[in-house]
Amino acid sequence: MHPAIILFVVAILGSVLLSFVPVEFPYSRPTFFGLGILLGGAVAFFMGRPKAQATRTEDIATVTLYVGNLPYRANEHSVQQTFERFGKVLSVRLMKDRQTGRRRGFGFVEMLTEDAQAAINGLNDQQFQDRTLKVREAKERRDQEEE
DNA sequence: CCTGAGCGG
């Protein structure tokens, strides 16, 4: 439900509640309505928060980098640390065969678009744990990312 | 552990 609707309903509810309080209730109807607005606003605030975060996440421009020729002993943490020398790393996925559990020697690193080129320049064809890394923009296989 | 081109869940 939209936060604004909740705000409105709570406000209306607040003013209607006035009819159930004694006549000598010290607060006026507009004041009560105002309290309803405040309460509704608080509800709307907390309901709106996760939504706002999701929107911000979608607004971050990222690229997924293909990382090939990885050593089988490489773990996600070491790869992430390596790429973080060049910028913000959003996610690291090292692909391994689901049946055998064997590492496949490549993976994907999601980075901020503004940092990705530096990571490609800095890491492609560079040595990483005795292997020569291949780093380039990933071909989008499933969903489309910003470039 | 085993493997060496490769673009995923």
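Residues numbered from 1 in each chain as written. Chains lettered and ligands numbered in written order. Predicted model: local features only at pLDDT ≥ 70, side-chain atom pairs only at ≥ 80, totals over all residues. Heavy atoms only, no water.

The name an unreviewed UniProt entry assigns to chain A is RNA recognition motif-containing protein, from the organism Gallaecimonas pentaromativorans.

### Topic: the overall build of chain A
Counting secondary structure elements, chain A contains 4 helices and 6 strands. Expressed as a percentage of its 147 residues, the buried residues of chain A come to 31%. Put simply, of all contacts in chain A between residues at least 6 apart along the chain, 64% involve residues at least 24 apart. Total accessible area on chain A stands at roughly 10,600 Å², and carbon and sulfur atoms take up 54% of it. (Helix = DSSP H or I, 4+ residues; strand = E, 2+ residues; numbered from the N terminus. Buried < 20%, exposed > 50% of the residue type's maximum accessible area, 1.4 Å probe, protein only. Contact = heavy atoms within 4.5 Å. Areas by Shrake-Rupley, 256 points an atom, 1.4 Å probe, with all protein chains shown as cover.)

### Details of the pattern of salt bridges
The tally for this structure, following the rule as stated, stands at 2 salt bridges. A salt bridge links Arg73 to Asp130; the nearest nitrogen and oxygen atoms lie 3.6 Å apart. On the criterion of sequence distance, the pair formed by Arg73 in the loop between strand S1 (62-68) and helix H3 (76-84) and Asp130 in the loop between strand S4 (127-128) and strand S5 (131-132) is long-range, its members being 57 residues apart. Grouping residues by exposure puts Arg73 and Asp130 together as exposed. (Salt bridge = Lys/Arg side-chain N within 4 Å of Asp/Glu carboxyl O.)

### Things to note about H3
Among the residues of H3, those classed as buried are Ser78, Val79, Thr82 and Phe83. Along the axis of H3, the buried positions cluster into a sector of 130 degrees, meaning they face one direction only. Packed against the buried residues of H3 are S1, strand S2 (89-96), strand S3 (103-112), helix H4 (113-123), S4 and strand S6 (134-137). In this structure Asn75 caps H3, since a side-chain oxygen of it lies 3.1 Å from the backbone nitrogen of His77. (Arc of directions from axis to C-beta. Polar contact = N/O pair within 3.5 Å; in protein donor to acceptor, adjacent residues only side chain to side chain.)

### A look at the pairing of S1
With 6 of 7 residues buried, S1 lies mostly within the body of the structure. Note: S1 against S3, 6 bridges, orientation antiparallel. Its bridge partner being in S3, Thr64 is matched across the sheet by Glu110. Relative to S6, S1 is paired through 4 bridges, and the arrangement is antiparallel. The residue of S6 that forms the bridge with Leu65 is Glu137. (Pairing = 2+ DSSP bridges.)

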